[in-house]
Amino acid sequence: MISVILVNPKYSGNVGSIARVMMNFDFEDLRIVGNRNIINDEAYMMAVHAKEILDNAKFYESFDDAIKDLDFVIATSGARGGDRNLKRVPITPKELADKILEIKGNIGIVFGREDDGLRNEEIDKCDLLVSIPTSEKYPIMNLSHAVAVILYEIYTKKVENRFLDIKMREASKEDKELLIKKFNEFIDKNEKIPEHKKELCKIIFKRLVNRAFISGKEAWTLMSAFK
Ligand SMILES: C[S@@+](CC[C@H](N)C(=O)[O-])C[C@H]1O[C@@H](n2cnc3c(N)ncnc32)[C@H](O)[C@@H]1O
């Protein structure tokens, strides 16, 4: 499970928006270091249909309490190098998404305070630091926007993996050759097509088949049409 941890959020609207993006991208576990009062009418208004994420949010008195049962903790920051003495080199959300699904155990992604972010001693307690590439002119994002970008990258990776799992077998060289042969025979039999056009059709079809990543099933379905 991947938990979203907010450290002392100040604005209820941000917490509600975060609940909403969590539901958009299939995340459930919201942990908040701070006071329960942060979840008020404004938070529910911004959460819209993600009220259950707010209802089930867990509260902690300290950063250490919020992460103590987690196996892998990821810090986030928009402050890179220069303006704060970060000891770790950050990775991008895309690089995180490539790694995170292979990590075993419970994972937490920690987001900092709206005013002063995560403290260096908190970042030091984490295993990894992620920073969203942003303009040097204004690198710091709104808290809920930063959460959205990171969860989006992880969700996209999950969806990609699911798609790869169910992806059909690609047509073999033999499947493609047979499909092209069937098409050519079909064209040859058709008396309405002038001879010079037949050759052109065959060349174009062959190029199309070789360029397209068709599946074995698609190849065989098409063959049945060229009888
Ligand atoms: C408004 S920012 C905090 C700004 C604070 N002045 C600082 O320097 O960290 C609130 C939180 O949003 C997240 N955040 C904002 N911009 C980010 C970025 N470019 N990359 C990763 N996280 C970011 C971080 O979790 C940050 O602690």
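Residues numbered from 1 in each chain as written. Predicted model: local features only at pLDDT ≥ 70, side-chain atom pairs only at ≥ 80, totals over all residues. Heavy atoms only, no water.

### What about the packing of helix α8 (residues 173-189) against helix α10 (residues 216-225)?
When two helices pack together, their arrangement is given by the angle between the helix axes and by the axis-to-axis distance. Here is the rule we go by: Each axis is a line fitted through C-alpha atoms, taken for helices only over the stretch in contact, and angles between the N-to-C directions span 0 to 180 degrees. Note on conventions: DSSP H or I runs of at least 4 residues are helices, E runs of at least 2 residues are strands, and numbering of each starts at the N terminus. For classification, angles of less than 35 degrees are called roughly parallel, those exceeding 145 degrees roughly antiparallel, those between 65 and 115 degrees roughly perpendicular, and all remaining angles oblique. Crossing chirality is assigned from the near helix's rotation relative to the far helix, an anticlockwise turn below a right angle marking it left-handed and a clockwise turn marking it right-handed. We call two residues in contact whenever any of their non-hydrogen atoms come within 4.5 Å of each other. Amino acid classes used here: Ala, Val, Leu, Ile, Met, Phe, Trp, Tyr, Cys and Pro are nonpolar; Asp, Glu, Lys and Arg are charged; the rest, including Gly, are polar.
Where α8 contacts α10, the axes come no closer than 9 Å and their chain directions differ by 20°. By the angle between their directions, the pair α8 and α10 is classed as roughly parallel. In the packing of α8 onto α10, the handedness of the crossing is left-handed. Listed contacts from α10 to Asp175, Leu178, Leu179, Lys182 and Phe186 of α8 are Gly216, Ala219, Trp220, Leu222, Met223 and Ala225. Taken together, the residues that form the contact of α8 with α10 break down as eight nonpolar, one polar and two charged.

### Thoughts on the pattern of salt bridges
As a reminder, the rule being used: A carboxyl oxygen of Asp or Glu within 4 Å of a side-chain nitrogen of Lys or Arg is what we treat as a salt bridge.
What the rule picks out here adds up to 15 salt bridges. A salt bridge links Asp115 to Lys10; the shortest N-O distance between them is 3.7 Å. Of this pair, Asp115 sits in the loop between β5 (107-111) and α6 (120-124) while Lys10 sits in the loop between β1 (2-7) and α1 (12-24); the two residues are 105 residues apart in sequence, bridging distant segments of the chain. Residue Lys181 pairs with Glu185 through a salt bridge whose shortest N-O separation is 3.3 Å. Residue Lys181 and its partner Glu185 are both found in helix α8; the two are separated by four residues, about one turn of the helix. Overlapping salt bridges bring together Asp29, Arg31, Lys58 and Asp69 as one network.

### Some details on the packing of aromatic side chains
The geometry of two aromatic rings is summed up by the distance between their centres and the angle between their planes. So the rule is basically this: The criterion for an aromatic pair is that two Phe, Tyr or Trp rings (for Trp, the six-membered ring) have centres within 6.5 Å, with stacked assigned to planes under 30 degrees apart, edge-to-face to planes over 60 apart and tilted to the rest. Buried, partly exposed and exposed residues are distinguished by accessible area as a fraction of the type maximum, computed with a 1.4 Å probe on protein chains only: under 20%, between the cut-offs, and over 50%, respectively. Criterion for a charge above a ring: Lys NZ or Arg CZ within 6 Å of the ring centre, and within 35 degrees of the ring normal.
Here the structure, examined in full by the defined rule, presents six aromatic pairs. Arranged with centres 5.7 Å apart and planes meeting at 45°, the rings of Phe25 and Tyr155 form a pair that is tilted. Taken together, the residues span a long stretch of sequence, with Phe25 in the loop between α1 and β2 (30-33) and Tyr155 in helix α7 (residues 143-166) at a distance of 130 residues. Look at Phe183 and Phe205: their rings are 3.8 Å apart centre to centre, the planes differ by 10°, and that puts the pair in the stacked class. With Phe183 in helix α8 and Phe205 in helix α9 (residues 195-211), this residue pair connects regions lying 22 residues apart in the sequence. On the basis of relative accessible area, Phe205 is assigned to the buried category, the value being 12%. Through successive ring pairs, a cluster of aromatic residues spans Phe183, Phe186, Phe205 and Phe226. The cationic tip of Lys158 hangs over the ring face of Phe27; the distance from NZ or CZ to the ring centre is 5.0 Å.

### Quick word on the site of the ligand
The criterion, for reference: The rule for a residue being near a molecule or strand is that one of its heavy atoms must lie within 4 Å of it. Polar contact is the term for a pair of N or O atoms within 3.5 Å; when the atoms are in protein, one must be able to donate a hydrogen and the other to accept it, and sequence-neighboring residues count only if both atoms are side-chain atoms. Only protein atoms enter the 1 Å grid used here. Points where a 1.4 Å probe fits but cannot escape make up a cavity, open sets with protein on both sides within 12 Å along at least five of seven lines make up a pocket, and a residue lines them when an atom lies within 4 Å of a point. To be counted as sitting in a cavity or pocket, a molecule needs more than half of its atoms within 2 Å of that site's grid points.
Taken together, 21 residues form the shell around the ligand, and within it Thr76, Gly112, Asp115, Ile132 and Met141 come nearest. At 2.6 Å, a side-chain N or O of Thr76 approaches an oxygen atom of the ligand. Backbone polar atom of Gly112 to an oxygen atom of the ligand: 3.0 Å apart, as the coordinates give it. With respect to the pocket detection grid, the ligand is positioned in the largest pocket. A per-class count over the shell around the ligand returns nine nonpolar, seven polar and five charged.

### Some points on the layout of surface pockets
Where empty space is left can be seen by rolling a probe of water-molecule size over the atoms. Note the threshold: Grid points are joined across faces, edges and corners, and a volume is the space filled by probe spheres set on the points.
In this structure, the largest pocket occupies an estimated 460 Å³ of space. Taken together, 25 residues form the lining of the largest pocket, with Gly78, Arg113, Gly117, Ile140 and Met141 sitting closest to its centre. When residues in the lining of the largest pocket are grouped by element, the largest group, three residues, is from α7. When its residues are assigned to classes, the lining of the largest pocket shows twelve nonpolar, eight polar and five charged.

### Quick word on the domain arrangement of the chain
By a widely used convention, the size of an interface equals the accessible area lost when the partners come together. Note the threshold: Those domain boundaries reflect an automatic or database domain assignment.
Split into domains, the chain comes out as domain 1 (2-166) and domain 2 (173-225). Placing the centre of domain 1 and that of domain 2 at their C-alpha centroids yields a distance of 51 Å.

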